[in-house]
Amino acid sequence: MRKKGLSLITALSILSALVWLVGLAWVLQDQFFADGKSRQAETMQPDTPQKQKDNSSSAKKLQIAAIGDSLTRGTGDPDGKGYIGYLKEELAKKTKKEIELTNSAIKGQTSSQLIKQIQQPQIQRQIKNADVILLTIGGNDLFRGGQALEELDSQNINKTEDAYLSNLKAIYKEVRSLNKSGIVYHVGLYNPFSDMKDSKTTSGIVRKWNYDSANAAAAQPNIIYVPTFDLFELNVNDYLYSDHFHPNKQGYQLIGERTASLIRFSEEDQK
Amino acid sequence: MNKLVHNELLKLFRKRRLFVIILIIAALVPLFTYAQYQEVKTTREKLGNVDWRTQLQQEIVDTQNRLSSSRMQDDWRKYLKIRLAQQQYYLDHNINPQAPGAPTFMRVFVENSIDLLLPLLVMVVAADLVSSEASGGTIKLLLTRPVKRWRILLSKYLALILSVSFIVTASAVLSYGISGVVFGYGGWGMPLLTGFSTSGEELVTNNVHLIPQWQYILMEFGLVWFVCLVVGTLTFMLSVLLRSTAAVMGIMLAALIAGAILSNMVSSWESAKYLFMVNLSLTDYISGMATPIEGMSLGFSLIVLLVWAIAGLVVSFTVFTKKDVY
């Protein structure tokens, strides 16, 4: 018995030694000498079907796609939810539908970076399938971490705004061409510096910025520009995080509630 | 020669070393399987979404967010950038890198055990091949036979090679068999990307190509086998040099663990790349991870390991044939 076991193990070991040797040889061949032959495989595989799956279940689900910058990311909220977290909670109170949220926002993103991001096929897929699209953008174009407003050079600011507006129009257009029916909520800017010495000038710039963005939004169907300027106008310090730029928990709650109040459900979907 | 090898294998078999090692693997694999299963489950729950593309997209966005943080070490940032490019490639080509299944588990298991777990198990077998004969005194009986000394040592070495192969096979079979109960046995044909290499901060993708998972796994196990052989050879050398098995184990253990620690902190000590223990993670080259030290590549690591192994063999044979036994 024991003898048999031993010769079995010996045979098995010899066999496996050979197999692993083949594996090792294959590594050398594949990593060092492979060129044309294996390259064919690359064109063979990509883009298998399996894309249609998601649409069938959308009747029972509310799909929300969030894109943009740190506001959508939730920077400054100790719970990390951001306004979309509170918005989701609010919506969950109102509807029976299952809410599916994808947050693709990137901290510090400017409008020109967002244009690049929405070229990615996955982001496009999310936008395509979404019933609601949430967007914050422009804060980084305008404030650039607080430097631009210190210069307060109106010519400079006009230049940034022009660039921003043309980017914004391109973003709107791209989103609309991907998704004709979903409603876009573009959450507007507030002035984090409204209690500082130049608040008159800075508020004026932000107001104009918001006004122009709202105009651009109105040019496309179903894009809602959600104002936040008024929310932060008084008591700005109570709603800002310690970086004095991003909202804190209360600030995000305000934005979330306001945006959530704009989203309505048909009677059968209500709670 | 056959008889000698058979004799050595019989000794190993009697000592029940291989049996214990199989038990250890069989006990650990369910543990890892459960951990992996939990991980898959929690990520699914967290996202409330089963679609892996959404999940991968989230990972990409998270990585991008981490990259935008300013307080980050340079090598970590580099690693993240490579990871990002790779994830993006998977996404663009509709390849799910995490598709659950026993082969995927095998792959993850072997990638994570190549630099410590499997070498340790091999060490258990190799450590007392010669030293136990020396400390037990049986070496005299062995050497009084009318057989040349180098043949005796060679038979021991061949027995070692065979048991290393056996251990690698056992870990492959066990990890496949046990994890398949949970994840299912399919997934051999899934295409995977390989051929990533890094030069500086760039991910070089001009040699990137797809291979089916079974080939990927076969390649990785080939590398594991090679690493285990090298570690086995070095342990064997120590076993010839030292009389005490405990000392052999202690030195090897220290070297292996030092390797694991060093890989995490040698990025600026360049000559450390000639140490064998920082070169053990060969599978990282296949999957395209960043190397611990600039300038390391698969070919480099293979050669370093080979040189160490050959040196170990030369030392073992010269010492064993020359040394006085009393």
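Not measured: the values here are computed from a predicted model.

Rules used in this analysis
- Residues numbered from 1 in each chain as written.
- Chains lettered and ligands numbered in written order.
- Predicted model: local features only at pLDDT ≥ 70, side-chain atom pairs only at ≥ 80, totals over all residues.
- Heavy atoms only, no water.
- UniProt positions renumbered as here; feature names shortened; annotations may be inferred.
- Helix = DSSP H or I, 4+ residues; strand = E, 2+ residues; numbered from the N terminus.
- Pairing = 2+ DSSP bridges.
- Axes fitted to C-alpha atoms, helices over the stretch in contact; angles between N-to-C directions.
- Contact = heavy atoms within 4.5 Å.
- Expected span 1.5 Å × (residues − 1).
- Buried < 20%, exposed > 50% of the residue type's maximum accessible area, 1.4 Å probe, protein only.
- Salt bridge = Lys/Arg side-chain N within 4 Å of Asp/Glu carboxyl O.
- Parallel < 35°, antiparallel > 145°, perpendicular 65-115°, else oblique.
- Left-handed = near helix turned anticlockwise from the far one by under 90°.

A.B. asks: Tell me what's going on with the UniProt feature "transmembrane region" (unreviewed entry) in chain B, and back it up with residues and numbers.
C.D. replies: Residue and element names in this part refer to chain B. In this structure's numbering, the residues bearing the UniProt feature "transmembrane region" (unreviewed entry) are residues 18-37, 157-179, 216-238, 244-262 and 299-320. Counted over residues 157-179, helix gives 100% and strand 0%. Its end C-alpha atoms are 33 Å apart. With 100% helix and 0% strand, residues 216-238 has its two end C-alpha atoms placed 33 Å apart.

A.B. asks: Lay out the sheet that holds strand E3 (residues 132-136) of chain A in plain terms, naming residues and giving numbers.
C.D. replies: Residue and element names in this part refer to chain A. If you walk across this open sheet you meet the five strands as E2-E1-E3-E4-E5, and the pairing is parallel. On the outer flanks of this sheet lie strand E2 (98-103) and strand E5 (223-226), each paired with one strand and no other. With direction set aside, neighbouring strand axes in the sheet form an average angle of 20°. Examined bridge by bridge, strand E1 (residues 61-68) and E3 share five bridges and lie parallel to one another. Residue pairing for E3: Ile67 is matched across the bridge by Leu135. Relative to E2, helix H5 (residues 82-94) is tilted by about 170°, and along the sheet it contacts E1, E2, E3 and strand E4 (183-187). Helix H10 (residues 154-178) contacts E3, E4 and E5 of the sheet and is inclined by roughly 155° relative to E4.

A.B. asks: I'd love a proper account of helix H13 (residues 298-322) of chain B, names of residues and values included.
C.D. replies: Taking 1.5 Å as the rise per residue, H13(B) with 25 residues should run 36 Å; its terminal C-alpha atoms sit 36 Å apart, in good agreement. Here H13(B) has its buried residues at B:Leu298, B:Gly299, B:Phe300, B:Ser301, B:Leu302, B:Val304, B:Leu305, B:Ala309, B:Gly312, B:Ser316, B:Phe317 and B:Phe320.

A.B. asks: Provide a residue-level description of the pattern of salt bridges, including the pertinent values.
C.D. replies: All names here are of chain B. Scanning all chains against the criterion turns up 15 salt bridges over all chains. The closest approach of N and O atoms between Lys15 and Asp128, which form a salt bridge, is 3.5 Å. Here the residue Lys15 occupies a position in the loop between helix H1 (2-14) and helix H2 (17-47), and Asp128 occupies one in the loop between helix H6 (117-126) and helix H7 (131-136), the gap between them amounting to 113 residues. A relative accessible area of 36% places Lys15 in the partly exposed class. Using a relative accessible area of 5% as the deciding quantity, one classes Asp128 as buried. The salt bridge partner of Lys273 is Glu270, with a shortest N-O separation of 3.4 Å. Judged by relative accessible area, Lys273 falls into the buried class, the value being 10%. Among the ionic contacts, a cluster of salt bridges with common partners joins Glu8, Lys11, Glu133 and Lys156.

A.B. asks: Describe the side chain of B:Gln215, and please don't skip the residues or the numbers.
C.D. replies: Mapped onto the fold, B:Gln215 is located in helix H10 (residues 213-241). The exposure class assigned to B:Gln215 is buried, which follows from its relative accessible area of 7%. Every residue in contact with B:Gln215, bar those within four places of it in the chain, is listed here: A:Trp26 and A:Asp30.

A.B. asks: Outline the packing of helix H5 (residues 102-113) of chain B against H10(B), listing residues and values.
C.D. replies: All names here are of chain B. Interaxial distance between H5 and H10 falls to 10 Å at its minimum, and their mutual angle equals 25°. Classified by the angle their axes make, H5 and H10 are roughly parallel. As H5 packs across H10, the resulting crossing turns out to be left-handed. Listed contacts from H10 to Pro103, Thr104, Met106, Arg107, Val110 and Glu111 of H5 are Gln213, Tyr216, Ile217, Glu220, Phe221 and Val224.

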